[in-house]
Amino acid sequence: MAKTISKLKKELDKFFSLYIRLRDANEFGMVQCFTSGRVYHYKSIHAGHFMSRRYLPTRFHEWNVQPQSPADNLFGQGEQWKFGLALDAKYGEGTAEELQFKSRQIKKFSRVDYEDLISYYKSLVKNLKEEKGIE
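Predicted model, so just to flag it, every value in this text is computed and none were measured.

This part takes up the packing of helix H1 (residues 5-23) against helix H6 (residues 111-132). Two packed helices can be described by the angle between their axes and the distance between those axes. It is the contact of H1 with H6, at a shortest axis distance of 9 Å, that shows an interaxial angle of 30°. Judged on the interaxial angle alone, H6 and H1 are roughly parallel. Seen from above, H1 lies across H6 with left-handed handedness. When H1 is examined against H6, the residues Ile5, Leu8, Lys9, Glu11, Leu12, Phe15, Phe16, Leu18, Tyr19, Leu22 and Arg23 are found in contact with a partner set consisting of Arg111, Tyr114, Glu115, Leu117, Ile118, Tyr121, Lys122, Leu124, Val125, Leu128, Lys129 and Lys132. Residues belonging to the contact of H1 with H6 are distributed by class as follows: 15 nonpolar, no polar and 8 charged.

This is the structure:
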């Protein structure tokens with residue numbers, strides 16, 4: 001039986017989150033929090049969203065999601081102001097505003113979209129783990 005769309009979304013969340021945390025990790029698996037600068041192991045840091053995950057158009061946007069400490073992501077409500085400043089510093093002035101605008105667009109994902117994205121991020125995760133020699 002085919003997986004439900006919600007199961008596919010959950011699976012994509014898992015691999016996308018892993019990718020985000022591994023993307024910026026060093027060869028020891030350590031990664032810096034985007035908003036506080038503190039360093040964590042990629043398994044104990046979150047994939048924090050600038051624009052909330054509830055906005056599908058930016059939920060899986062690689063600039064919208066950055067490694068973020070549990071403290072900032074959960075207890076600091078994502079530190080959105082700091083997050084926005086850091087986005088503009090990293091990707092260019094106006095990035096945060098652009099993501100805010102993009103998040104309000106209408107976006108539908110089909111079953112095939114989810115399956116393709118799962119496959120894509122699954123392979124990126126595998127490659128990053130091999131390249132960096134981390135598990």
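Turning to the pattern of salt bridges, a few remarks are in order. Under the definition given, this model contains 8 salt bridges. In this structure, Asp13 engages Arg53 in a salt bridge whose closest nitrogen and oxygen atoms are separated by 3.4 Å. Taken together, the positions of Asp13 in helix H1 and Arg53 in the loop between strand E3 (46-49) and helix H2 (56-59) put the pair 40 residues apart, joining distant regions of the chain. Judged by its relative accessible area of 14%, Asp13 is buried. The salt bridge involving Glu130 is made with Lys126; its shortest N-O contact spans 3.0 Å. Pair noted here: Glu130 and Lys126 are both in helix H6, with a separation of 4 residues, about one helical turn. Exposure remark for Glu130: the relative accessible area of 51% places this residue in the exposed category. Where salt bridges share partners, they join Lys3, Glu11 and Lys122 into one cluster.

In this section: the packing of aromatic side chains. Evaluated as defined, the whole model comprises 9 aromatic pairs. Measuring from centroid to centroid gives 4.3 Å for Trp63 and Tyr91, while their planes differ by 15°, and the two rings are stacked. Of this pair, Trp63 sits in the loop between H2 and strand E4 (65-68) while Tyr91 sits in helix H4 (residues 80-91), and the two are 28 residues apart along the sequence. Given a relative accessible area of 34%, Trp63 falls into the partly exposed group. Measuring from ring centre to ring centre gives 4.9 Å for Tyr120 and Tyr121, while their planes differ by 80°; the resulting arrangement is edge-to-face. For Tyr121, a relative accessible area of 4% translates into the label buried. Aromatic ring contacts, followed pair by pair, group Phe16, Tyr19, Phe60, Phe109, Tyr114, Tyr120 and Tyr121 into a single cluster. It is Lys107 that lies over the ring of Phe109; its NZ or CZ is 4.9 Å from the centre.

Analysis parameters
Residues numbered from 1 in each chain as written. Predicted model: local features only at pLDDT ≥ 70, side-chain atom pairs only at ≥ 80, totals over all residues. Heavy atoms only, no water. Axes fitted to C-alpha atoms, helices over the stretch in contact; angles between N-to-C directions. Helix = DSSP H or I, 4+ residues; strand = E, 2+ residues; numbered from the N terminus. Parallel < 35°, antiparallel > 145°, perpendicular 65-115°, else oblique. Left-handed = near helix turned anticlockwise from the far one by under 90°. Contact = heavy atoms within 4.5 Å. Nonpolar A, V, L, I, M, F, W, Y, C, P; charged D, E, K, R; others polar. Salt bridge = Lys/Arg side-chain N within 4 Å of Asp/Glu carboxyl O. Buried < 20%, exposed > 50% of the residue type's maximum accessible area, 1.4 Å probe, protein only. Phe/Tyr/Trp six-rings, centres within 6.5 Å; stacked < 30°, edge-to-face > 60°. Lys NZ or Arg CZ within 6 Å of the ring centre and 35° of its normal.

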